[in-house]
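Given next are the chains, with one letter for each unit.
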Amino acid sequence: MLGLMQDWPLLIHKIIDHAALYYREREVVTRAPEGPIERTNYGEIAVRARQVAAALDKRGIKLGDRVGTLAWNTARHLESWYGIAGIGAVYHTLNPRLFPDQIAWIANDAGDRALFFDVTFAELVAKLAPHLKTVEFYVALTDRAHLPKADIPNLVAYEDFIAGMPRDFAWKEFDEHTACGLCYTSGTTGNPKGALYSHRSNTLLAMIACSTDTLGLSGRDAVLPVVPMFHANAWGIAFAAPMTGAKLVMPGPRLDGASLCALFAEEKVTMTAAVPTVWLGALQYLEQSGKTLPYLKKVLIGGAACPRSMIEIFEKKYGVEVIHSWGMTEMSPLGTLGTLKAKFADLPYEKKLDYKMRQGHPPFGVEMRIVDAENRELPRDGKTMGKLKVRGPAVAKAYFKGEGAAAFDAEGWFDTGDVATLDSDGYMTITDRAKDVIKSGGEWISSIDIENLAVGHPAVAEAAVIGVRHPKWDERPLLIVVVKPGQTASKKDILDHLAGKIATWWMPDEVVFVDAIPHSATGKIQKTALRERFAEFRLPDAAG
Ligand code: AMP
């Protein structure tokens, strides 16, 4: 017998309609790429999204067509997402931090028919345009006065594009499984692969994001997603904020510590989210300027492992709760969140930190398990490391155009490419990317654990650990360190700091000091680049 409840399709434009009806005047504030602070609200955004939809429809953009966006977090970018998706087309976020030929490859692979871009990328777009085979027209996310002079064919200013379009344009009708968004993974091996989100998966993602032990967003929050909309759906915030009526503060292109901290204070931001590298800069700025974070209550840190010392500074010095989280583009991206379970409430702070350090536990809607090389499930004992596999309604079941099929198994599990442990309380701890884990004498060493400890040394700004060849042990860890400006540290200082905190056989064989560590387009340490740079490196006892 079937239930007798309505078949109410989960469509993301219903989220912006809901916001327009119930949180019409709730502000969306943008630090515009053109410079000034701009203010709008959900009521206006919903109307203008319909105008985007009408304008695209008029240009012949249809169900399933891809529309690229090369843009920062702004109200116009948000309107574009809802407008594109509202006619059943697919917003395709392009990461401007990639090399131009990578961006062109991705836009061509996706077959983008139009490209919306911020004025800050005008020169980049002019350079890309001759190589973009499928793009028919370009929309600069600005008004006519700021329309770039760059040589871009079929260019129109966004405000002209939507001017005069019907404010009550009717959304198109389609199934909730219709594709809605496309985002390519960084593709450190092989070509980038596209995660293709559906209306249903994004709506469920937003509902998951709103729950208290996930992002815990409420209508009383003011949320500033530092994480860009081009990095895995801005971790769901672009949907969760209008769903709850939270005020949305969009930082535009200025993601440095001073600009972010100014917005936190001026807009009374209560919640924010970004990768650890962003917080390295922001915390250094706070330390130097003596400023505080008076309104901020909660910060979500993920995308790369969050060091223990970072959690401690936020929580002890600034009184801001840290939620360490893990996810992936292929998971829309929420996977686990490190909120504390009730049974740990009375633990001393240092012990609580042991749990907060872990990548967290999955919300309802994310299933996970660890397996061995033969795909046999491994124990959830907090010790055994295995390949991490996931399932859920907002997890990819295939890549765009069937690429990378090997990552999906017959039982519907997606292989994350991460190595992890799961404990009996449900907390997951990432050991490493499978390709970054250091294989020493048949055992695994977690580069992430050593990095986290190394950045706990007061003079260390950033640290990376890679495996280098060793004649006896196969691989041994090399610790690469960037020292904070004006500070000094020796190899002995760093090793003394690690001693006793990790097993002796995990101790790095050598420490090298560098000026900077390279980062990927999504703010992760680029281990491939470091491995290339240190390919010829010989460890002290490995001369033979
Ligand atoms: P992306 O798809 O660019 O978001 O990258 C996803 C990958 O980033 C994951 O598979 C992990 O390897 C890594 N990652 C994300 N969050 C964390 C975290 N909190 N700790 C360690 N690694 C993380």
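Residues numbered from 1 in each chain as written. Predicted model: local features only at pLDDT ≥ 70, side-chain atom pairs only at ≥ 80, totals over all residues. Heavy atoms only, no water.

Engineer: Please explain the nonpolar core as it appears in this structure.
Structural biologist: Buried together is how nonpolar side chains tend to be arranged in soluble globular proteins. In terms of nonpolar packing, the biggest core is built from 128 residues, with Leu70, Trp279 and Phe314 touching the most fellow members. If we skip the residues at most four places from it in the chain, tryptophan 279 touches Val226, Phe264, Thr272, Ala273, Ala274, Val299, Leu300, Ile301, Met310 and Phe314. By size, the runner-up hydrophobic cluster in this structure holds 21 residues, among which are Met328, Leu388, Tyr399 and Ala420. (Core = buried A, V, L, I, M, F, W, Y, C linked by side-chain atoms within 4.5 Å. Buried < 20%, exposed > 50% of the residue type's maximum accessible area, 1.4 Å probe, protein only. Contact = heavy atoms within 4.5 Å.)

Engineer: Explain the side chain of threonine 93 to me, please; I cannot follow it from the model alone.
Structural biologist: Relative to the elements of secondary structure, threonine 93 occurs in strand E4 (residues 90–93). Ignoring any residue separated from it by four or fewer positions in sequence, one finds threonine 93 in contact with Thr69, His77, Trp81, Leu182, Cys183, Met229 and Phe230. (Helix = DSSP H or I, 4+ residues; strand = E, 2+ residues; numbered from the N terminus.)

Engineer: Honestly, helix H10 (residues 276–289) in this entry has me stumped. Any pointers?
Structural biologist: Residues that lie three or four places apart on an α-helix share one face, since the helix turns once every 3.6 residues. The terminal C-alpha atoms of H10 lie 20 Å apart, and with 14 residues this matches the ideal 20 Å at 1.5 Å per residue to within 8%. If you follow the buried residues of H10, they end up packed against helix H9 (257–266), strand E12 (271–274), strand E13 (298–301) and helix H11 (308–318). (Expected span 1.5 Å × (residues − 1).)

Engineer: Would you mind showing me how to read the sheet that holds E12 here?
Structural biologist: Each strand in a sheet pairs with another by means of backbone hydrogen bonds, the pair being arranged parallel or else antiparallel. Pairing within the open sheet is mixed, and its eight strands lie in the order E2-E1-E11-E10-E12-E13-E14-E15. Edge positions in the sheet fall to strand E2 (37–41) and strand E15 (334–337), since each has one partner strand and no second. Averaged over all neighbouring strand pairs, the angle between strand axes comes to 20°, with direction disregarded. Summarising the sheet, E13 and strand E14 (residues 321–327) pair through four bridges and their orientation is parallel. Note on E14: the bridge partner recorded for leucine 300 is isoleucine 323. The strands touched by H10 within the sheet are E12 and E13, with E12 carrying the most contacts at an inclination of about 120°. (Pairing = 2+ DSSP bridges. Axes fitted to C-alpha atoms, helices over the stretch in contact; angles between N-to-C directions.)

Engineer: Before we go on, may I ask you to explain the packing of aromatic side chains in this structure?
Structural biologist: Any pair of aromatic rings gets described here by the distance separating the centres and the angle formed by the planes. What the rule picks out here adds up to 18 aromatic pairs. Judged by centre distance (5.9 Å) and plane angle (90°), the rings of phenylalanine 116 and phenylalanine 161 are edge-to-face. Residue phenylalanine 116 is found in strand E5 (residues 114–117), and its partner phenylalanine 161 is found in helix H6 (residues 158–162); the two are separated by 45 residues along the sequence. Residue phenylalanine 116 shares its accessibility class with phenylalanine 161, and that shared class is buried. (Phe/Tyr/Trp six-rings, centres within 6.5 Å; stacked < 30°, edge-to-face > 60°.)

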